[in-house]
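# A closer look at the structure
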Amino acid sequence: MKKILVINCGSSSLKFQLYNVENDEYTVISKGIAERIGQTNSVIKIQYGDNPKQEHNIYMPTHSEAIRSVFDLLLKGALNSMDELSAVGHRVVQGGDIFKQSVLVTDDVIQKIADLSDLAPLHNPAHVLGLKAVKEILPNIPQVAVFDTSFHQTMEPEAYLYPLPEDQYKRNKIRRYGFHGTSHKYVAAECAKLMGYNGKFITCHLGNGASLSAIDNGKCVDTSMGFTPLAGTIMGTRCGDIDPYIPLYLMKKDGLSIDQVNDLMNKQSGMLALCGYSDNRDVENGILNGDEKCLLATKCYVHSLLKIIGGYIAVLGGVDAIVFTAGVGENGWLLRQMLIEKLAYLGIKLDAENNRVRGKTIMISTPDSKVKVYIIPTDEELMIVKDTVSLANI
């Protein structure tokens, strides 16, 4: 039996899950989150097995102290000693065009992740801190980096290049990268198991952040997020694709700074701007209670999804299955219903009863539908722990 720790460092948080791995069976034995790192009211929430969640107020000025505190808590209920830990896997947001797959962590890998910080200024520096902190505490334990962007590195140049001067690509690395890659890879593989073959799939990772991917025989050929996670469909608080001149217009017209425009597009837009709610549960309740703004916002969301799905069908030359995953994708029955009704031209018929299921793997199209539609809950941590076991050779 092996124990593998999965770490996901955010700018001021650190999520973790500890797995028992035995005979290709992966069991979560502890999980939690360290929040408000760098603030006086920092806290760690941890759960051991099925026991109630615990909260510990611990001052964590940096990610190094956060990781040390997580290790201390794991020793109180999940590990007898740190020697039981076989490896650590890390989620890393941005791997640029350098990392096309998960890798064993070396000093060179850490430096390259740090060098990519301009492309993910809130996340990559935090990932570097996490990698260095684990190395400092456990210098001999293998670490593996799993990148959000690597699954999308199979895209051809016609899919990832922007029509900007070539110098911008070569010097500033401006291109489509895509994100949520670990999730798209996981649900596409699960869909292939359900279908019995690797076909033409469109995976829809719909959460507060949302992205879609066109996947052909297990290979990503296009994805909706771009240079940053701001691109693509409407999201909870992000605008998605808009006329690129709008930010410049706002800076000229209203005198907004770069930071103000960035905040507007990332935190004040999307569903929040359209109806006042960023949480799809609130939007769904609003529609059921006759809120016209919530209905219009959802129609806008559906319209943006339709354009991407239609485009991906053209790119793929057809589609065998559409997959919904992540918080909204797995639980937003009303959004799914409205979207699938618009896709009836594909020969999709909705199974209304199955569509009411939340957060469970299930086919929500009828058996006679020409295109199958599934809900498949994502499990990014499981993908990370599997890559960690494979690359660490344990």
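Analysis parameters
Residues numbered from 1 in each chain as written. Predicted model: local features only at pLDDT ≥ 70, side-chain atom pairs only at ≥ 80, totals over all residues. Heavy atoms only, no water. Helix = DSSP H or I, 4+ residues; strand = E, 2+ residues; numbered from the N terminus. Rg over C-alpha atoms; globule rule 2.2 N^0.38 Å. Buried < 20%, exposed > 50% of the residue type's maximum accessible area, 1.4 Å probe, protein only. Contact = heavy atoms within 4.5 Å. Areas by Shrake-Rupley, 256 points an atom, 1.4 Å probe, with all protein chains shown as cover. Pairing = 2+ DSSP bridges. Axes fitted to C-alpha atoms, helices over the stretch in contact; angles between N-to-C directions. Phe/Tyr/Trp six-rings, centres within 6.5 Å; stacked < 30°, edge-to-face > 60°. Lys NZ or Arg CZ within 6 Å of the ring centre and 35° of its normal. 1 Å grid on protein atoms, 1.4 Å probe; cavity = no way out; pocket = protein on both sides within 12 Å on 5 of 7 lines; lining within 4 Å. Points joined across faces, edges and corners; volume = space filled by probe spheres on them. Nonpolar A, V, L, I, M, F, W, Y, C, P; charged D, E, K, R; others polar. Core = buried A, V, L, I, M, F, W, Y, C linked by side-chain atoms within 4.5 Å. Parallel < 35°, antiparallel > 145°, perpendicular 65-115°, else oblique. Left-handed = near helix turned anticlockwise from the far one by under 90°.

## With respect to the overall build of the chain
Secondary structure summary: the chain contains 15 helices and 14 strands in total. Here the chain has a C-alpha radius of gyration of 21 Å; the compact-globule value for 394 residues is 21 Å, and the two agree. Across its three principal axes, the chain shows a C-alpha extent of roughly 60 × 55 × 45 Å. Residues classed as buried in the chain amount to 51% of the 394 residues present. Restricting to contacts in the chain with at least 6 residues of sequence separation, those with at least 24 account for 61%. Looking at the chain as shown, the accessible area adds up to about 18400 Å², and 50% of this sits on carbon and sulfur atoms.

## Details of the sheet that holds strand E3 (residues 25–35)
Through backbone hydrogen bonds, the strands of a sheet pair up, either in parallel or in antiparallel fashion. The eight strands lie next to each other as E5-E4-E3-E2-E1-E6-E8-E7, forming an open sheet whose pairing is mixed. With one partner strand each, in any of the chains shown, strand E5 (54–57) and strand E7 (103–104) form the two edges of the open sheet. Note that E3 and strand E4 (residues 43–48) share six bridges and pair antiparallel. The residue of E4 that forms the bridge with Ile33 is Lys45. Where helix H1 (residues 63–74) meets the sheet, its contacts fall on strand E1 (2–9), strand E2 (14–22), E3, E4, E5 and strand E6 (85–92), and the angle it forms with E4 comes to roughly 30°.

## Some thoughts on the packing of aromatic side chains
On inspection of all chains with the given rule, the structure shows three aromatic pairs. With a centroid separation of 6.3 Å and an interplanar angle of 35°, the aromatic rings of Tyr160 and Tyr169 are classed as tilted. The class of Tyr160 is buried, set by a relative accessible area of 13%. An angle of 40° between the planes, with centres 6.3 Å apart, marks the rings of Tyr177 and Phe227 as tilted. Note that Tyr177 is positioned in the loop between helix H5 (166–172) and helix H6 (181–195) and Phe227 in the loop between strand E11 (219–223) and helix H7 (246–253), a separation of 50 residues in sequence. With a relative accessible area of 26%, Phe227 lands in the partly exposed category. One cation-aromatic arrangement involves Arg175 over Tyr160; the distance from NZ or CZ to the ring centre is 3.7 Å. Lying over the aromatic face of Trp333, Arg356 brings its terminal NZ or CZ to 3.4 Å of the ring centre.

## Overview of empty space enclosed by the protein
In this approach the atoms are scanned with a rolling probe the size of a water molecule, which exposes any empty space left behind. One pass over the structure, following the stated rule, counts one cavity of 30 Å³ or more. At the level of elements, helix H10 (280–288) and helix H13 (333–342) are the ones that each hand at least two residues to the lining of the largest cavity. In terms of residue count, the dominant contributor to the lining of the largest cavity is H10 (four residues). Residue classes in the lining of the largest cavity are distributed as four nonpolar, two polar and one charged.

## Quick notes on H13
H13 sits mainly inside the fold: seven of its ten residues count as buried. Looking at H13, one finds that the buried residues are Trp333, Leu334, Leu335, Arg336, Met338, Leu339 and Ile340.

## A word on the environment of Asp387
Tracing the chain through its elements places Asp387 in helix H15 (residues 380–392). On the basis of relative accessible area, Asp387 is assigned to the buried category, the value being 18%. The sequence separation of Asp387 and Tyr345 amounts to 42 residues, and the corresponding C-alpha distance is 39 Å. The contacts of Asp387, once residues within four sequence positions are left out, are Ser102, Val144, Val146 and Lys185.

## Remarks on the nonpolar core
Counting 58 residues, the largest nonpolar core has Ile113, Ile202, Leu206, Leu212, Ile309, Ile322 and Phe324 as the members making the most contacts within it. Beyond its immediate sequence surroundings of up to four residues, Ile309 is in contact with Ile202, Cys204, Leu212, Ile322, Leu339 and Leu343. Listed in part, the 29 residues of the second largest apolar core include Tyr48, Ala66, Leu73 and Ala78.

## Thoughts on the packing of H1 against helix H3 (residues 124–137)
Contact pair H1 / H3: the axes reach a minimum separation of 8 Å and the direction vectors enclose 50°. Here H1 lies oblique to H3, going by the angle between them. Handedness of the crossing formed by H1 with H3: right-handed. From H1, His63, Ser64, Ile67, Arg68 and Phe71 reach across to H3, where they touch Ala126, Leu129, Gly130, Ala133, Val134, Glu136 and Ile137. A class-by-class count of the residues in the contact of H1 with H3 yields seven nonpolar, three polar and two charged.

## Digging into unusual backbone geometry
Backbone geometry at His180 places phi at a positive 60°, although glycine is not the residue there. The exposure class assigned to His180 is buried, which follows from its relative accessible area of 13%. Its identity as a non-glycine residue notwithstanding, Asn217 has a phi of 55°, on the positive side. Structurally, the position occupied by Asn217 is in the loop between strand E10 (210–216) and E11.

## Focus on the pairing of E5
Relative to E5, E4 is paired through four bridges, and the arrangement is antiparallel. Bridging from a neighbouring strand, Ile44 pairs with His56 of E5. A loop of five residues connects E4 with E5, the two strands running antiparallel in sequence, and Gly49 in this loop sits at a positive phi of about 60°.

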